[in-house]
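Inside the fold
Spelled out from the first residue to the last, the chains are:
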Amino acid sequence: MGRLNGCLIYDRREADDRAATDRARDWRDIHGSLTLDEQREQAARCMDCGVPFCHGGRALNGMASGCPLGNLIPEFNDLLYRRLDRAALGRLSLTNPLPEMTGRVCPAPCEAACLCGLNQESVTIRANERCLAEMGFGNGWLKRIENNGRRGNIAVVGSGPAGLACVIRLRQLGFSVTVFERDDRPGGLMMYGIPNMKLEKDVIERRTAWMEGSGVRFMLNTEVTDVDALSGEFGAVALCCGAREPRGLSVEGSGLDGVAFAVEYLKQATKAVISGVAPRLDASGKDVVILGGGDTGNDCAATAIRQGCRSVTQLEILKEPPRSREQSNPWPEWPRVLKVDYGHEEAIALQGCDPRVYEAATEAFIGDGGKVSAVRARVRGEAREFPAGLALLAMGFVGAERGLVRAMGLETDERGRLRTRGYESNLRNVFVAGDMRRGQSLVVWAIREGVEAAEAIGLSQP
Ligand SMILES: Cc1cc2nc3c(=O)[nH]c(=O)nc-3n(C[C@H](O)[C@H](O)[C@H](O)COP(=O)(O)OP(=O)(O)OC[C@H]3O[C@@H](n4cnc5c(N)ncnc54)[C@H](O)[C@@H]3O)c2cc1C
Ligand code: SF4
Ligand code: SF4
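Please read these numbers as outputs of a predicted model, since none were measured by experiment. (Residues numbered from 1 in each chain as written. Chains lettered and ligands numbered in written order. Predicted model: local features only at pLDDT ≥ 70, side-chain atom pairs only at ≥ 80, totals over all residues. Heavy atoms only, no water.)

**Comments concerning the overall build of the protein**
- A tally of helices and strands in the protein yields 18 helices and 15 strands.
- Here the protein has a C-alpha radius of gyration of 23 Å; the compact-globule value for 462 residues is 23 Å, and the two agree.
- Taking the principal axes of the C-alpha coordinates as reference, the protein spans close to 60 × 60 × 45 Å.
- Residues counted as buried form 52% of the 462 residues belonging to the protein.
- On the protein, roughly 20,300 Å² of surface is accessible, and the fraction owed to carbon and sulfur atoms is 47%.
- Computing the positive centroid from 59 side-chain charges and the negative centroid from 61, the protein places the two 3 Å apart. (Helix = DSSP H or I, 4+ residues; strand = E, 2+ residues; numbered from the N terminus. Rg over C-alpha atoms; globule rule 2.2 N^0.38 Å. Buried < 20%, exposed > 50% of the residue type's maximum accessible area, 1.4 Å probe, protein only. Areas by Shrake-Rupley, 256 points an atom, 1.4 Å probe, with all protein chains shown as cover. Lys, Arg positive; Asp, Glu negative; His and termini not counted. Charge placed at Lys NZ, Arg CZ, Asp CG, Glu CD.)

Now the structure itself:
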């Protein structure tokens with residue numbers, strides 16, 4: 001275990017985020033990091049529990065509790081504390097092929113389930129993971145995958161976390177892999193969804209460069225419309241295309257200029273940051289209204305603030321969550337409590353109020369000369385109008401893109417997710433992983449699905 005009584009000696013400590021007013025002026029990572037010695041102290045808090053709730057991902061009351069990847073958390077904490085960093089990274093890499101991503105963006109259901117959290121604060125598992133991943137890249141400990149790929153050729157369609165994890169595992173299993181990606185850069189929603197200040201894009205590029213060095217071929221700007229075309233050249237195909245069909249809102253005015261889907265807005269914003277391409281959807285000088293009070297809405301708020309919006313408002317249809325856990329939501333369930341995320345903090349610091357308005361049902365977009373000028377909503381029964389030069393729909397996704405599914409003859413369930421047996425679809429040798437199979441989810445689940453689909457492919461091939 002870490003240090004005997006470590007959890008009694010040291011308090012939980014995380015690096016401070018950069019100040020809201022300061023970080024909102026640029027697109028750089030908002031998070032700081034502790035020194036290596038400070039991080040070791042945090043690892044020392046781990047009690048090496050006999051039953052480590054942190055380690056086993058399971059669904060409790062519909063939400064994940066514990067690590068969905070089954071990361072060997074007590075082991076890597078202990079090794080980090082004892083300065084056996086390379087061994088710690090090795091232990092982490094056994095189950096997690098992309099720890100630099102989860103170490104930054106995972107909501108850490110492991111920490112919600114950590115036993116320390118029962119009567120004090122949980123261990124900083126995610127920050128420990130990020131620290132190890134960075135040491136791995138910084139010290140050149142991540143060895144390339146060297147094999148000749150003689151087990152056969154596999155095609156992976158889509159390069160989000162599910163696709164990347166699937167590719168890494170397939171290479172480890174001895175396959176030669178080609179990735180088809182319709183965007184101009186790999187990474188899926190990690191590249192063109194999650195904003196740069198939460199996940200800097202050179203972190204993704206560093207990993208994909210390592211993958212190319214490990215013999216992976218990336219075919220970018222290549223949309224796959226028909227799996228039959230691949231079946232001649234590849235023994236199996238893994239579809240990791242995400243759940244990209246956005247939930248729309250058919251109310252008056254939804255076709256107005258300036259009403260747009262959140263992911264399209266975020267994608268253009270990221271392109272502007274990394275390649276200087278001016279975004280068509282730009283919040284600069286505008287009142288921005290975001291429909292949807294979740295994480296995507298928060299990312300839109302933080303992005304609009306950086307673009308120099310005049311104001312930002314986030315409309316949420318549900319009630320405001322409680323400030324502390326209710327009795328019906330005990331540890332180790334995921335805490336369903338009000339969270340003030342980085343975009344909210346920035347809005348509070350810059351515009352003086354929380355951007356979220358709860359129990360708000362949008363009724364119409366009001367236009368002026370074909371452009372949106374306001375959003376009309378009923379808030380707790382009262383009609384209200386919010387000025388809007390840009391209205392963003394951040395209400396989630398309704399499954400895999402219908403066009404692709406129909407064109408390929410794939411079967412889906414009532415929620416638009418692909419039907420599979422294990423990971424194989426209704427088409428032989430066509431496997432599916434990530435949001436496309438699971439529905440809109442998290443990076444950590446996509447990684448798990450990618451790894452497991454690769455293993456299923458491994459078993460299916462001669
Ligand atoms: C704005 C936003 C913020 C988020 N923030 C977080 C977060 O902080 N933490 C977290 O854990 N999760 C977050 N998520 C969720 C997370 O990003 C997804 O669950 C995850 O990326 C799903 O991975 P995936 O590989 O299944 O699909 P995706 O990441 O969607 O990748 C699918 C890829 O397939 C490609 N593709 C699709 N069709 C084709 C085709 N026909 N041919 C070729 N390529 C194709 C797409 O271009 C894309 O690159 C966020 C989601 C959004 C929208
Ligand atoms: S992947 Fe997520 S849940 Fe698993 S150990 Fe890392 S932060 Fe925790
Ligand atoms: S539950 Fe917490 S204290 Fe126990 S092994 Fe896991 S990280 Fe360590």
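**Describing the domain arrangement of the protein**
- By the assigned domains, the protein splits into domain 1 (6-138), domain 2 (153-244 + 398-460) and domain 3 (259-393).
- Summarising the inter-unit geometry, the C-alpha centres of domain 1 and domain 2 are found 26 Å apart.
- Counting from both sides, the interface comprises 21 residues of domain 1 and, opposite them, 22 residues of domain 2.
- Buried surface at the junction of domain 1 and domain 2, summed over both partners, amounts to about 2,100 Å²; 75% is from carbon and sulfur atoms.
- Counting the contacts that link domain 1 with domain 2 gives two salt bridges.
- The salt bridge involving Arg206 is made with Glu134; its shortest N-O contact spans 2.8 Å. (Domains from an automatic or database assignment. Contact = heavy atoms within 4.5 Å. Buried area = accessible area lost by both parts, 1.4 Å probe. Salt bridge = Lys/Arg side-chain N within 4 Å of Asp/Glu carboxyl O.)

**Brief notes about the site of ligand 3**
- In the vicinity of ligand 3, the contacting residues are Cys46, Met47, Asp48, Cys49, Pro52, Cys54, Ile73, Pro74, Asn77, Cys114, Leu115 and Ile125.
- At three residues, the largest contribution of residues to the shell around ligand 3 is made by helix H4 (residues 73-81).
- The residue inventory of the shell around ligand 3, partitioned by class, reads 10 nonpolar, one polar and one charged. (Near = heavy atom within 4 Å. Nonpolar A, V, L, I, M, F, W, Y, C, P; charged D, E, K, R; others polar.)

**Details of the site of ligand 1**
- In the region of ligand 1, 36 residues are neighbours, and Val105, Glu181, Val224, Arg244 and Asp435 sit closest.
- Contact between ligand 1 and Lys198: an oxygen atom at 3.1 Å from a side-chain N or O atom of the residue.
- Separating an oxygen atom of ligand 1 from a backbone N or O atom of Val443 is a distance of 2.9 Å.
- For ligand 1, whose unbound accessible area comes to 1,000 Å², protein coverage reaches 97%.
- Only helix H9 (161-172), helix H13 (262-275), helix H14 (295-307) and helix H18 (443-460) provide two or more residues apiece to the shell around ligand 1. (Polar contact = N/O pair within 3.5 Å; in protein donor to acceptor, adjacent residues only side chain to side chain.)

**Describing the environment of Lys319**
- Checked against the element boundaries, Lys319 lands in the loop between strand S9 (311-315) and helix H15 (342-351).
- Along the primary structure Lys319 and Val357 are separated by 38 residues, whereas in three dimensions their C-alpha atoms are 9.2 Å apart.
- Apart from the residues within four sequence positions on either side, Lys319 is in contact with Tyr358 and Glu359.

**Focus: the sheet that holds strand S5 (residues 217-219)**
- An order of S5-S4-S3-S6-S15 is seen for the five strands of this open sheet, with the pairing classed as parallel. Two strands in the sheet have a free side with no partner beyond their single neighbour: S5 and strand S15 (430-432). Between one strand and the next, the sheet's axes are offset by a mean angle of 20°, whatever the strand orientation.
- Alignment of strand S3 (residues 153-157) against strand S4 (residues 176-180), held across five bridges, turns out to be parallel. Bridged to Ala155 within S4 is Thr178.
- Packed onto the sheet, H18 meets S3, strand S6 (236-239) and S15 and runs at close to 160° relative to S15. (Pairing = 2+ DSSP bridges. Axes fitted to C-alpha atoms, helices over the stretch in contact; angles between N-to-C directions.)

**Describing the packing of aromatic side chains**
- One pass over the full model with this rule turns up two aromatic pairs.
- For the ring pair Phe180 and Phe234, a centre distance of 5.9 Å and an interplane angle of 90° mean the geometry is edge-to-face. In this pair, Phe180 is assigned in strand S4 and Phe234 in the loop between helix H12 (228-231) and S6, connecting sequence segments 54 residues apart. Of the two residues, Phe180 and Phe234, both sit in the buried class. (Phe/Tyr/Trp six-rings, centres within 6.5 Å; stacked < 30°, edge-to-face > 60°.)

**Points about the pairing of S3**
- Among the five residues in S3, four count as buried, and that is most of the element.
- Handedness of the crossover is the feature at issue here: the chain leaves S3, passes through H9, returns alongside S4, and the resulting connection is right-handed.
- Sheet topology note: the S3/S6 ladder contains four bridges and is parallel. By the bridge assignment, Val157 is partnered in S6 with Leu239. (Right-handed = clockwise from strand over helix to strand, strands pointing away.)

**Focus on the nonpolar core**
- Leu132, Val156, Leu170, Met190, Leu199 and Met211 are the most contacted members of the largest nonpolar core, which totals 66 residues.
- No other element matches H18, which puts nine residues into this core.
- Two domains each put at least three residues into this core: domain 1 (6-138) and domain 2 (153-244 + 398-460). (Core = buried A, V, L, I, M, F, W, Y, C linked by side-chain atoms within 4.5 Å.)

**Quick notes on the pattern of salt bridges**
- Within this structure, the stated rule accounts for 36 salt bridges.
- Among the salt bridges present, the one from Asp26 reaches Arg28, with a minimum N-O distance of 3.1 Å.
- Taken together, the shared-partner salt bridges in this structure form one network comprising Arg23, Arg306, Glu345 and Glu346.

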